[in-house]
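A look at the structure
Each chain is listed here by its residues.
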Amino acid sequence: VKLSSFMFNCRLDATFPQIGNLISHISVDLGHLHTITSRLAWEKELWDKEELDIGQWVSYAPCDIDLFHVEMLSIFDYAARVIKYVSAQSTPYSFNDLRKWVKKSNNAETLGKDLSDLILSADWFEDLRKIRDTCPFWWYDNGISRKAQNLVSSFGRGLFKYSKYP
C-alpha cells in the first residue's frame, strides 16, 4: 500500500465514510485480481514445464478463473454503491441493476449523460456476469487444453469472447 493511497483513503474515510469504505474494498479486490492473474500465469508456466500434474491443473485453473469473475463483479457492485452515495438519485446497489435502471425511460438523463454513458459503455459486463453465474456448471465438462495458446479462451466451449474486454 502506497503512503499517498493510504493518506487519500484516510481523508476520504473521514469526510465520506461510506465512500471511503467502498473505495477501500475496490482497492483490496484489485489487489486480489493481481494475485489471481499472477497465480494463474504461474500455474500455466508450471503446466507448460510439466511440473504441475493434470489433476492439479484441472483443479487450480478453473478455481482461479471463477474467483477472478467473482472479484471483478464485486468491484462493479462497489462502484454502483459509490454512484448511489454521490448521486442525488435513488439508484440500485448492484451494477447489473444499475445498468438496467439507466436504460429505462429518463433515468440516464436524470443521472447525467457522462455517468450514464460510462455505465452503459461497459457492454461486456453482461458477459462477465454470465460467466460468473455459470462457472460452477461448465468448468467440469471442459478439460483444459495443454496446447491452448490463450489459457482463458480454452474454457467455456467458446460461449464467451474475452477479446471484448478492455
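Up top is the structure these notes are about.
Here's a quick rundown of the structure. (Residues numbered from 1 in each chain as written. Predicted model: local features only at pLDDT ≥ 70, side-chain atom pairs only at ≥ 80, totals over all residues. Heavy atoms only, no water.)

Turning our eyes to something else, we now look at the packing of helix α3 (residues 54-86) against helix α4 (residues 95-103). Two numbers describe how α3 lies on α4: the axes approach to 8 Å, and their chain directions differ by 55°. Regarding the angle of α3 to α4, the classification is oblique. Two secondary-structure elements touch here, α3 through Phe76, Asp77, Ala80 and Ile83 and α4 through Phe95, Asn96 and Leu98. For the contact of α3 with α4, the class distribution of residues is 5 nonpolar, 1 polar and 1 charged. (Axes fitted to C-alpha atoms, helices over the stretch in contact; angles between N-to-C directions. Helix = DSSP H or I, 4+ residues; strand = E, 2+ residues; numbered from the N terminus. Parallel < 35°, antiparallel > 145°, perpendicular 65-115°, else oblique. Contact = heavy atoms within 4.5 Å. Nonpolar A, V, L, I, M, F, W, Y, C, P; charged D, E, K, R; others polar.)

This part is about the environment of isoleucine 26. Within the secondary structure, isoleucine 26 is located in helix α2 (residues 17-48). Sequence-wise, isoleucine 26 and alanine 79 are 53 residues apart; in three dimensions their C-alpha atoms are separated by 7.8 Å.

Quick look at the nonpolar core now. Formed by 22 residues in total, the largest nonpolar core has its most connected members in Phe76, Phe95, Leu98 and Ile119. When residues of this core are traced back to their parent elements, those giving at least two are α2, α3, α4 and α7 (125-138). The biggest single contributor to this core is α3, with 8 residues. Residues Leu40, Leu46, Trp47 and Trp57 belong to the second largest nonpolar core, which totals 7 residues. (Core = buried A, V, L, I, M, F, W, Y, C linked by side-chain atoms within 4.5 Å. Buried < 20%, exposed > 50% of the residue type's maximum accessible area, 1.4 Å probe, protein only.)

Along the chain, the position of alanine 80 falls in helix α3. Along the sequence, alanine 80 and asparagine 96 sit 16 residues apart, while their C-alpha atoms lie 8.7 Å from each other. The contact partners of alanine 80, leaving out residues within four places of it in the chain, are Thr91, Pro92, Tyr93, Ser94, Phe95 and Leu98.

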